[in-house]
Amino acid sequence: MSLPYAEVIGDPIAQSKSPAIHGFWLQHLDIKATYTATHVRTGALAEFLGARRGDARWRGCNVTMPHKQAVIPLLDRLDPLAAAVGAVNTVVPEAGELVGYNTDVPGFLEPLRTELGRTHYFRMARVFGTGGAARAIIKGLAEAQLVIVLAGRNPEKARALLDELDPAGEHHAVDIAHFADATDFTFDDREGCLDLVVNASSLGMTGQPPLAFDMSHAPPGSIFYDIVTSPLETPFLQAARAAGFRTIDGLSMLIGQADHAFRRFFGAQPPRDADADLRKVLGA
């Protein structure tokens, strides 16, 4: 008998680390199922989902670029969080319906839970990028009561994104070039404050130019977070660590979002006490 299976879809897809993550957990828990990567071009998305609807072995799929928004009209129902974000990264068959979820939000927030559980006088995040990944990050940070400074190549697009995702928030949109040059701004007392500097763009990814950020724009005690996973140690994180800041790499969000998807696909809790071994498998 063929095994139950889940998969990740995208265009391209060969670079995805999701099969290694889910495969590690399936093996660790001795679950008889598989998880693979499937190349699905934009024009073939409807055909792909149509075929999967009738497959009793199919447990669902993760969705990566460029399908996170394109998949929405093809689904029967959206989880409220996915609807609020306007992006889906997990599709699960439930009672004959295809339901869209967004696990990027809890995945991104996971390594910040300790800090977010504390009381602060003020919380601010400087976020770079206005693409699909940024949508989930902006929504998650806004719900965690952070003031967001969103930096993009097109400040008008950044402003529109903030107004869409958190219209009541007192956020700011700026040109990404603003952070490239040094500033002589003197930060006030940051004791009791939470400051994040987040790269939610593809800048710094293999084959892409680095994110131009001068460390003088980072308040004392800032936490630097880069969602790029190739390379894992980006120039952005290298510079932050060299300057004495705490850093969070892209695998943290990737593993965190996979955790929530895995539970929906296979009905089991991933063995998170084995994260160190998983990172070794992933080459971190």
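## Here we look at the nonpolar core
Consideration 1: If you look at the biggest cluster of nonpolar residues, it comprises 32 residues, and the most contacted ones within it are Phe 108, Val 127, Leu 141 and Leu 196.
Consideration 2: Listed by contribution, the elements that provide at least two residues to this core are helix H4 (104-109), strand E7 (122-128), helix H6 (132-143), strand E8 (147-152), helix H7 (155-165), strand E10 (193-199) and strand E11 (223-226).
Consideration 3: Looking at this core element by element, the count peaks at 6 residues for H6.
Consideration 4: Those residues in contact with Leu 141 that sit more than four places away from it in its chain are Phe 108, Leu 109, Ala 125, Val 127, Leu 146, Ile 148 and Leu 196.

## Brief notes about the sheet that holds strand E4 (residues 77-78)
Consideration 1: Pairing in this open sheet of 6 strands is mixed, and the strands run E2-E1-E3-E5-E6-E4 from one edge to the other. Whereas interior strands pair on both sides, the edge strands pair on one side only; in this sheet they are strand E2 (34-39) and E4.
Consideration 2: Both strand E3 (residues 58-63) and strand E5 (residues 90-94) contribute to a ladder of 2 bridges, which runs antiparallel. Bridge pairing in E5 links Asn 62 to Thr 90.
Consideration 3: The strands touched by helix H1 (residues 18-29) are strand E1 (5-10), E2 and E3; relative to E2, the strand with the most contacts, the crossing angle is about 170°.
Consideration 4: Here helix H2 (residues 45-53) sits on the sheet and contacts E1, E2, E3 and strand E6 (97-101); the angle it forms with E1, its principal contact strand, is near 175°.

So, how was this worked out
- Residues numbered from 1 in each chain as written.
- Predicted model: local features only at pLDDT ≥ 70, side-chain atom pairs only at ≥ 80, totals over all residues.
- Heavy atoms only, no water.
- Core = buried A, V, L, I, M, F, W, Y, C linked by side-chain atoms within 4.5 Å.
- Buried < 20%, exposed > 50% of the residue type's maximum accessible area, 1.4 Å probe, protein only.
- Helix = DSSP H or I, 4+ residues; strand = E, 2+ residues; numbered from the N terminus.
- Contact = heavy atoms within 4.5 Å.
- Pairing = 2+ DSSP bridges.
- Axes fitted to C-alpha atoms, helices over the stretch in contact; angles between N-to-C directions.

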